[in-house]
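# Working through the structure, step by step
Residue strings, one per chain:
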Amino acid sequence: MPTSRPVPRPAKDDAPPPAPHATEVLSLSQARRVALRAQGLDRPRVDRPGGVTMRHLQGVVDRLGLLQIDSVNVLARAHLMPTYSRVGPYDHALLDRAAGRAPRRLVEAWAHEASFVPPETYRLLGWRRRGYLTYAWGSIRDVPLQHADVVREIRDLIAASGPMTASQVHALYEHEHPADRTEWGWNWTVAKRALEFLFFTGEVTAARRNAQFERCYDLTERVLPPEVAAQPEPSDGDAVRALVEIGARAHGIGTARCFADYFRLKGPRVARAVTELVDAGVLRPVAVHGWDRPVYLHRDASLPRRAEGRTLLSPFDPLVFERRRLEELFGLRYRIEIYVPAAKRVHGYYVLPFLLGERLVALVDLKADRRAGVLRVHAAHTAPPAPTAAAERGARTGRTADVPGELAAELRVLARWLGLDGIEVGAPDAAGEGRELRGDLALPLAGALAG
């Protein structure tokens, strides 16, 4: 179950700004390489004798602008994977320290869903917190109407005793407001709803996460670095423009929809922000063969001669956030199937795209079996092209396309990072006597791992 409910996506009828005439023309291959360079995924990861440091983590945060949070822990927590994908194995205590100790480099906010963002970016999201009547979902939006007294009491309790988890707060209110398990989905207690309301509106945020991955809530003014907390809120227009630019810089190249999706922005303010960024020279319109929508290039974007990265990407990685972009730019139809009934899943439960060079060449369903000390590959498929994709078929990967061998090498690195001793390909068969190899890559991958 995800950590929390989604922020509304950009509306489908949000009209993109009319694009000025584009004089620069790029191929899809060039656009992909721009996107991969912007995301820090165009080069092979390097071994660092001294290990990955806070400076390397900060570099990833500066490049991406946010790390999405999700509670699914089949392989590794969602916010841990993007750093691994870019710098390789690292001590995730770095992230715990960045988000859980003062002065914090990361704080939690509703950004692209629940996310870690730099404290300065937290200030840019104040309009969403103030507009909770528009942006919050019903069970949170209605909390002040149903439990105003509880909200005030819990705010005072956190002020006096925080940081506290929702379970600790609920223990104090359980007699008066017992947990309700009659609803499907998020069966939140009254205490949890009140805390989530205070979190959404910005009165509290997470001072850290505990070992059970629960938020430890505290007053936001005590969590933000003092110099950031003292800053005035930017105007709504300035904030949205800054958020659009962060999304554009992280993408390198994209459409207005791509940039808006990065922080789940919607409405005419996005079109206005893009126009203002074009006028300021931050974005410039370009044409991309096969990408038949207005496309913009960020002024900091660069085009590498080739892309030679190799890594696995979480379903929550910023490169794959926006599925339409993924189809148009990389030619891949990709859907997360966690909520799909098992019998109807095509590629598996927790499926990671495998990046090789400039293409996403495989989809791998993985699970970290921590009790057995094994990384389980439940399925491995060649990445199917999107039915309507205009991406070139068979485009170069930037390296010899030995997909099973390259994937086997990457899985070994991942297993070591996760502290797992072995890798097993295949799911138990119906009789429980053997292993069923699922996907066209499963058998060659098993051979590559054995070799």
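Here, residues in each chain are numbered from 1, in the same order as that chain's written sequence. Only residues with pLDDT of at least 70 are given local features in this predicted model, and only at 80 or more are side-chain atom pairs given and counted; all residues enter the totals for whole chains, interfaces and linings. Based on all heavy atoms of the structure, the side-chain values leave hydrogens and waters out of the count.

## Observations regarding the pairing of strand 12 (residues 359-369)
What counts here: Any residue under 20% of the maximum accessible area for its type is buried, any over 50% is exposed, and the rest in between are partly exposed; the area is computed with a 1.4 Å probe on protein chains only. Comment: elements are numbered from the N terminus, with helices defined as DSSP H or I runs of at least four residues and strands as E runs of at least two. Only when DSSP finds a minimum of two bridges between them are two strands counted as paired.
In terms of residue burial, strand 12 counts as a mostly covered element, since 10 of its 11 residues are buried. Where strand 11 (residues 351-356) meets strand 12, six bridges bridge the pair, whose relative direction is antiparallel. Note that in strand 12 the partner of Val-351 across the bridge is Asp-365. Where strand 12 meets strand 13 (residues 374-382), eight bridges bridge the pair, whose relative direction is antiparallel. Across the sheet, Asp-369 pairs through a bridge with Val-374, a residue of strand 13. Connecting strand 12 to the next strand, strand 13, in antiparallel fashion are four residues, including Gly-373 with a positive phi near 70 degrees.

## Some points on the sheet that holds strand 13
Basically, it comes down to this: Axis definition: a line fitted to C-alpha atoms, over the contacting stretch in the case of helices. Angles run 0 to 180 degrees between N-to-C directions. Contacts between residues were defined by any pair of non-hydrogen atoms, one from each residue, lying within 4.5 Å.
With respect to topology, five strands assemble into an open sheet ordered 10-11-12-13-14, the strand pairing being mixed. The open sheet is flanked by strand 10 (310-312) and strand 14 (422-425), the only strands paired with a single partner. Each strand of the sheet is rotated relative to its neighbour by a mean of 30 degrees, with strand direction disregarded. Note: strand 10 against strand 11, three bridges, orientation antiparallel. Looking at strand 11, one finds that Leu-312 is bridged to Phe-354. On top of the sheet, helix 19 (residues 442-450) reaches strand 13 and strand 14; it is set at about 155 degrees to strand 14, its chief contact.

## As for the environment of Leu-195
Within the element layout of this structure, Leu-195 appears in helix 11 (residues 190-200). Note: C-alpha distance between Leu-195 and Ile-140 (55 residues apart in sequence) is 9.3 Å. When neighbours within four sequence positions are excluded, Leu-195 is seen to be in contact with Ile-154, Ile-158, Thr-165, Ala-166, Val-169, Val-204 and Tyr-217.

## Thoughts on the confidence of the model for the chain
Note the threshold: Here pLDDT means the predictor's own confidence in every residue, given as a number from 0 to 100.
Residues of the chain with pLDDT of at least 70 account for 87%, and the chain-wide mean is 89. pLDDT under 50 marks residues 1-13. Its contacts with residues more than four places away, or in other chains, come to 44 contacts. In the predicted structure, residues 181-186 sits below a pLDDT of 50 and forms 10 contacts with residues beyond four places in sequence or in another chain.

## Comments concerning the packing of helix 14 (residues 236-251) against helix 16 (residues 268-279)
What counts here: Oblique is the label for every angle not falling under 35 degrees (roughly parallel), over 145 degrees (roughly antiparallel), or within 65 to 115 degrees (roughly perpendicular). Polarity classes work like this: nonpolar for Ala, Val, Leu, Ile, Met, Phe, Trp, Tyr, Cys and Pro, charged for Asp, Glu, Lys and Arg, and polar for all others, with Gly in that last group.
Relative orientation of the contacting elements helix 14 and helix 16 amounts to 70 degrees, with a least axis distance of 9 Å. Between helix 14 and helix 16, the interaxial angle falls into the category roughly perpendicular. Where helix 14 approaches helix 16, its residues Asp-236, Val-240, Arg-241, Val-244 and Glu-245 are matched on the opposing element by Arg-269, Ala-273, Val-274, Glu-276 and Leu-277. Of the residues belonging to the contact of helix 14 with helix 16, the class tally is five nonpolar, no polar and five charged.

## Observations concerning the pattern of salt bridges
A side chain with one charge can pair with a side chain of the opposite charge if their charged atoms come near. Rules: Basic side-chain nitrogens of Lys or Arg form a salt bridge, by our definition, when they fall within 4 Å of a carboxyl oxygen of Asp or Glu.
Here the structure, examined in full by the defined rule, presents 33 salt bridges. Put simply, Arg-269 and Asp-236 hold a salt bridge, and the shortest N to O gap is 3.8 Å. Of this pair, Arg-269 sits in helix 16 while Asp-236 sits in helix 14, placing them 33 residues apart in sequence. For Asp-236, a relative accessible area of 33% translates into the label partly exposed. Note that Asp-261 and Arg-264 form a salt bridge whose closest N and O atoms lie 2.4 Å from each other. Each member of the pair, Asp-261 as well as Arg-264, is classed as buried. Each of Glu-108, Lys-192, Glu-196, Arg-209 and Arg-215 takes part in a single network of salt bridges with overlapping partners.

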